[in-house]
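The lines below spell out each chain.
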Amino acid sequence: MTRQEYYFCTEKMTVGYDGKPLIREIEMKVNRGEILTLIGPNGSGKSTILKSITRQLKTIGGTVYLDRTALQQLSNKDLSQKLAVVLTERMRSELMTCEDIVATGRYPYTGRLGILTEEDRKKVWAAMEMVHALELRERDFNAISDGQRQRILLARAICQEPEIIVLDEPTSFLDIRHKLELLAILKHMVSQKNVAVIMSLHELDLAQKISDFVICVHGEYIDRAGTPEEVFTSDYIRGLYGITEGVYNAQFGCVEMAGVKGAPEVFVIAGGGSGIRTFRKLQRLNIPFAAGVLHKNDVDYEVAKELASKVIAEQAFEAVSAERTEEALEVLRTCKKAVCCLESFGTMNAGNTRLVEEAKRLGILENPQEKSVL
């Protein structure tokens, strides 16, 4: 696509402070009905980019286009009718209620006196209701929690009826329920109201699930840009954030703590996701363990290969072979305990029943559900 075919884009934009470039030649492109997310380490410049594309910070070079018009050519009123901003910085809001704050989102549509009509009021209340904050209407904005404040600022952006919303870490300070509600609201606005969204996120699992496109901010130039499928790989994310302790698991979109090294003391018989809780518990207890026999397409294998000191694995879609079973038996016999997380066995992992039988014979098999285990 050419520049004219994008609702929002930048052309060789350079941002920084006091005339000193921080990130050079930034190319961002997003259409209405799409979500573009910035990720990257703390201090990499995500907030600087967002402030620059909303005219809160002067760009050092390049051009920002909104609806085919250079941003500097738009009046403040025209810009505020098209673009809403939700940043993390504190507002000066002495003696203002939460409803007063949300109502400022209607000012681009009022006259010079800023008097709201009944229709404006209805839009303010509807926006507050959408973010589940209507009960905060009469509360002092400075007397509510950070999470509640974030929801009020989102309501202000919603009642502004923008064509594009820019948000800086909108899920900060929110509990898991309100994180999901906020992202669901953004998704609704994108799909139902054809709004474009540009935001920064620290939660990689959420960024991976909600974004249409991702820009990775690190260093003097944009490090990588693409779809979540192109960006979120275990090796790339580890390098982007400089992860040295633990790993990022792209399959699950989450991090795992570093595995415990050493000769395995516990053998875990698992499969089909049954062993993950036990793997993580053993890691927390700093107990080295072995796991097997796991198929390489099993979700248990994805976690075990990061946390276990030894994994005995079989090829995907193949029945557990005698060779892998014998390998697992040798390891099991060196362990102090064995745990079977499976309630039943199928055709493909029937060989693991021999592990259970051997653990019983050795008197080391324990039930993972019992509190005394581990």
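Preceding this paragraph is the structure being described.
A brief report on the enclosed structure follows. Keep in mind the model is a prediction, meaning the values are calculated, not measured. (Residues numbered from 1 in each chain as written. Predicted model: local features only at pLDDT ≥ 70, side-chain atom pairs only at ≥ 80, totals over all residues. Heavy atoms only, no water.)

## Some remarks on unusual backbone geometry
So, point 1. A cis amide bond, omega -15°, links glycine 292 with the succeeding residue valine 293.
So, point 2. If you check the backbone angles, glutamate 161 has positive phi at about 55° while not being a glycine.
So, point 3. Structurally, the position occupied by glutamate 161 is in the loop between helix H5 (146-159) and strand E8 (164-168).
So, point 4. Take glutamate 161: its relative accessible area is 40%, and that puts it in the partly exposed class. (Helix = DSSP H or I, 4+ residues; strand = E, 2+ residues; numbered from the N terminus. Buried < 20%, exposed > 50% of the residue type's maximum accessible area, 1.4 Å probe, protein only.)

## Some points on the pairing of strand E1 (residues 8-17)
So, point 1. Burial runs high along E1: seven of the 10 residues are buried.
So, point 2. Here E1 pairs with strand E5 (residues 61-66) via five bridges, running antiparallel. Looking at E5, one finds that cysteine 9 is bridged to tyrosine 65.
So, point 3. Across two bridges, E1 lies against strand E3 (residues 29-30) in antiparallel orientation. Across the sheet, cysteine 9 pairs through a bridge with lysine 29, a residue of E3.
So, point 4. Looking at chain direction, E1 and strand E2 (residues 20-26) are connected through four bridges and run antiparallel. Within the sheet, the bridge partner assigned to methionine 13 lies in E2 and is isoleucine 26.
So, point 5. Between the antiparallel neighbours E1 and E2 lie two residues, among them aspartate 18 with a positive phi of about 55°. (Pairing = 2+ DSSP bridges.)

## Here's the deal with helix H13 (residues 353-362)
So, point 1. Every buried residue of H13 is accounted for by Leu355, Val356, Glu358 and Ala359. Taken around the axis of H13, the buried residues stretch over an arc of 165°, which confines them to a single face. When the buried face of H13 is taken as reference, the exposed residues oriented beyond 90 degrees from it are Glu357, Lys360 and Arg361.
So, point 2. Elements that come into contact with the buried residues of H13 comprise strand E14 (266-269), strand E15 (289-295), helix H12 (322-332), strand E17 (337-340) and strand E18 (365-366). (Arc of directions from axis to C-beta. Contact = heavy atoms within 4.5 Å.)

## What about the pattern of salt bridges?
So, point 1. A full pass over the atoms with the stated rule returns 24 salt bridges.
So, point 2. Residues arginine 361 and glutamate 358 are paired through a salt bridge, measuring 2.7 Å at the closest nitrogen-oxygen approach. With arginine 361 and glutamate 358 both in helix H13 and three residues apart, the pair spans about one turn of that helix.
So, point 3. Given a relative accessible area of 9%, glutamate 358 falls into the buried group.
So, point 4. Linked through salt bridges whose partners overlap, the residues forming this network are Arg32, Asp67, Arg68, Lys82 and Glu163. (Salt bridge = Lys/Arg side-chain N within 4 Å of Asp/Glu carboxyl O.)

## Observations regarding helix H6 (residues 176-192)
So, point 1. With 17 residues, H6 ought to run about 24 Å at 1.5 Å a step, and its terminal C-alpha atoms sit 24 Å apart, in line with that.
So, point 2. When H6 is considered as a whole, its buried residues turn out to be His178, Lys179, Leu182, Leu183, Ile185, Leu186, Met189 and Val190. An end-on view of H6 places all buried positions within 150° of arc, on one side of the element. The exposed set on the far side of H6, more than 90 degrees from its buried face, consists of Ile176, Ser191 and Gln192.
So, point 3. Looking at the buried positions of H6, the neighbouring elements they touch are strand E4 (35-39), helix H4 (118-130), H5, E8, strand E9 (196-200) and helix H7 (204-210).
So, point 4. Following H6 by one or two positions, asparagine 194 has its phi on the positive side, about 60°. (Expected span 1.5 Å × (residues − 1).)

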